[in-house]
Every structure is written in C-alpha cells, then in structure tokens.
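Okay, here's what each chain looks like letter by letter:
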Amino acid sequence: TQLLEQSPQFLSIQEGENLTVYCNSSSVFSSLQWYRQEPGEGPVLLVTVVTGGEVKKLKRLTFQFGDARKDSSLHITAAQPGDTGLYLCAGVWLQNSGGSNYKLTFGKGTLLTVNP
Amino acid sequence: NAGVMQNPRHLVRRRGQEARLRCSPMKGHSHVYWYRQLPEEGLKFMVYLQKENIIDESGMPKERFSAEFPKEGPSILRIQQVVRGDSAAYFCASSPRADPLLSPGNTIYFGEGSWLTVV
C-alpha cells in the first residue's frame, strides 16, 4: 500500500511570511499532484509534476518533485490570507501493466492559516 | 463548460436508511472516480468507473456500498443501511481519458462534494 505523509499537519503564519510544506512517501510515483481545498468545497488542482527533480512555479508557489520521485515540497513566498486552505498532495502509480488504470493516493493534508 | 456536478450537496439520513449520491461528469468525460473524505482523514479512493463498467472498486467497502455509471444519466454511489461511520464527504471526479494523470496537461476534475450525515 502506497502512503503519503504530509507535514506539518497544521501551520499558522502571518501575512508576508514564507513557508514550506512537505509530502513524503516510501513509494515511487508516476506523477504527483498538489491540490488546494477550501472548507465545503472539492479539491482544486494546483500542479502536476512528473519528472524527478522537476521544479514548477505558479506565481508565489514553487513546487518541487524529488529526484527519486518519492517526495515533493510546496513553498509559498510572501503568504497572503487568500492562501489559507488545506493543501493536499496526491500520488499516482501505474496499477496495471496495460497502463489504463490510475488512481490518486492522497496525503492527509496541511491545513494552512495565514493571518492578516 | 459546466464542471463536475454532484447532488445533493448535503444529505441527512437516519441509521438504516439508504443514501444515493449522484455525479454528472464534465461534458465529454466518460471516466468517473469516487472518493470519500472522513473527518481528519485524507481523501480515499473508492471506485473507478467507465460507462457501464466498473474498472476498479478496490476501495469500496465489501458490503452496503455500490456504484454504477449507466450509459445514460449520472453516476450513482449507493449506500444501503447507512451507519454513523458512513458520515463523510463524498467526492466525484471525472476525466476524459483513462490515463489522465501522467502528464501536466491531463487531469481529473473534482466536484464540490456531497456531505452525508447519518443521525
């Protein structure tokens, strides 16, 4: 069973601060995704990373996929109250050799609160 | 383009009743996934369906839970004889292809969820 560990579980910071959250696994994933979920809503995809060592930027968010494709990090620069939410990482691995069956394994998430 | 539509958004059932959750995928999507989110837990995969076929139901509880995606109409997640432990948010997602997650340009899209409360 593939498991994703996210840390920290909770994070409360002041507006303008930087932060990093982590996603770790003992398994190698085909790809990894980061989502943001707000209360009462479904998860919204932020980014997909596929290649080991890959770095992607989305405005103030920087995502990195580990070289071995077992871990990932999300760094937010100059956090704003609008960044508040639950950040979820989710990994994908190939289910069948036929390559037609994929499912996401989610971590429990990091609940981020950015105070004004 | 309408997103993934789920209804009802909120559902209250007494123990022993049945719960039916519906999911209309995005237009053009023929692959549907159901996930469950328990309080303080991550989303857990339940089932993956294509039109008229169950592809992977490895995450479905053995009893009381069933899912379908008929040729016409929405996908249905059915929970019979609900118990309090079934209280959770149930999310549906859809994708246009079977291998949606291998490249950045492909993805699955989640609905806003159906919150089931069993009293």
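Trainee: Would you mind showing me how to read the state of the cysteines here?
Mentor: Among covalent bonds in proteins, the disulfide is the one between the sulfur atoms of two cysteines. All names here are of chain A. A complete count under the given rule lists two disulfides over all chains for this structure. Between the sulfur atoms of cysteine 23 and its disulfide mate cysteine 89 the distance is 2.0 Å. One disulfide, between cysteine 23 and cysteine 89, carries an S-S torsion of 75° and so falls in the right-handed class. With cysteine 23 in strand S3 (residues 19-25) and cysteine 89 in strand S9 (residues 85-94), this residue pair connects regions lying 66 residues apart in the sequence. An identical accessibility class is assigned to cysteine 23 and cysteine 89; each is buried.

Trainee: Looking at this structure, I do not really get the packing of aromatic side chains. What am I missing?
Mentor: For any two aromatic rings, the description comes down to two numbers: the centre-to-centre distance and the angle of the planes. In total, this model carries nine aromatic pairs over all chains according to the counting rule given. Their ring planes at 45° and their centres at 6.5 Å tell us that Trp34(A) and Phe63(A) sit as a pair that is tilted. Residue Trp34(A) is found in strand S4 (residues 31-37), and its partner Phe63(A) is found in strand S7 (residues 61-65); the two are separated by 29 residues along the sequence. Judged by relative accessible area, Trp34(A) falls into the buried class, the value being 0%. Given the relative accessible area of 1%, Phe63(A) is considered buried. Seen from their ring centres, Tyr33(B) and Tyr48(B) are 4.6 Å apart, and the 10° between their planes marks the pair as stacked. Here the residue Tyr33(B) occupies a position in strand S4 (residues 31-37), and Tyr48(B) occupies one in strand S5 (residues 43-50), the gap between them amounting to 15 residues. Judged by its relative accessible area of 0%, Tyr48(B) is buried. Connected via pairs of aromatic rings, a cluster forms that spans Tyr35(A), Phe106(A), Tyr35(B), Phe45(B) and Phe110(B).

Trainee: Just to check I follow, could you spell out the sheet that holds strand S1 (residues 4-7) of chain A for this structure?
Mentor: In any sheet, the strands associate via hydrogen bonds between backbone groups, in a parallel or an antiparallel arrangement. Residues and elements named next belong to chain A. Here five strands make up an open sheet; going across it, the order is S1-S3-S8-S7-S6 and the pairing antiparallel. In the strand order of this sheet, the two ends are held by S1 and strand S6 (55-58), each with one partner. Between one strand and the next, the sheet's axes are offset by a mean angle of 15°, whatever the strand orientation. Sheet topology places S6 next to S7; four bridges connect them, and they run antiparallel. Counterpart to leucine 58 in the pairing with S7 is leucine 61.

Trainee: Where do I start with the confidence of the model for chain A in this structure?
Mentor: Caution is warranted with low-pLDDT regions, since their predicted coordinates should not be read in detail. The share of residues in chain A with pLDDT of 70 or more is 91%, and the mean pLDDT across the chain is 89. With pLDDT under 50 throughout, residues 97-101 of chain A is counted as low confidence; its partners more than four residues away or in other chains account for ten contacts.

Trainee: Would you explain the pattern of salt bridges in this entry?
Mentor: Evaluated as defined, the whole model comprises seven salt bridges over all chains. Look at the salt bridges and you will find they share partners, linking Glu18(B), Arg20(B) and Arg78(B) into a network.

Trainee: I'm lost on the sheet that holds strand S7 (residues 65-68) of chain B in this one. Help?
Mentor: Residues and elements named next belong to chain B. Taking strand neighbours across the sheet as the criterion, the four strands line up as S1-S3-S8-S7 in an open arrangement whose pairing is antiparallel. The open sheet has two edge strands with one neighbour each: strand S1 (5-7) and S7. Ignoring strand direction, the axes of neighbouring strands in this sheet form an average angle of 15°. Pairing geometry for strand S3 (residues 19-24) and strand S8 (residues 75-79), over five bridges, is antiparallel. Following the sheet pairing, arginine 20 is matched in S8 by arginine 78.

The rules behind each value
Residues numbered from 1 in each chain as written. Chains lettered and ligands numbered in written order. Predicted model: local features only at pLDDT ≥ 70, side-chain atom pairs only at ≥ 80, totals over all residues. Heavy atoms only, no water. Disulfide = S-S within 2.5 Å. Helix = DSSP H or I, 4+ residues; strand = E, 2+ residues; numbered from the N terminus. Buried < 20%, exposed > 50% of the residue type's maximum accessible area, 1.4 Å probe, protein only. Phe/Tyr/Trp six-rings, centres within 6.5 Å; stacked < 30°, edge-to-face > 60°. Pairing = 2+ DSSP bridges. Axes fitted to C-alpha atoms, helices over the stretch in contact; angles between N-to-C directions. pLDDT = per-residue confidence, 0-100. Contact = heavy atoms within 4.5 Å. Salt bridge = Lys/Arg side-chain N within 4 Å of Asp/Glu carboxyl O.

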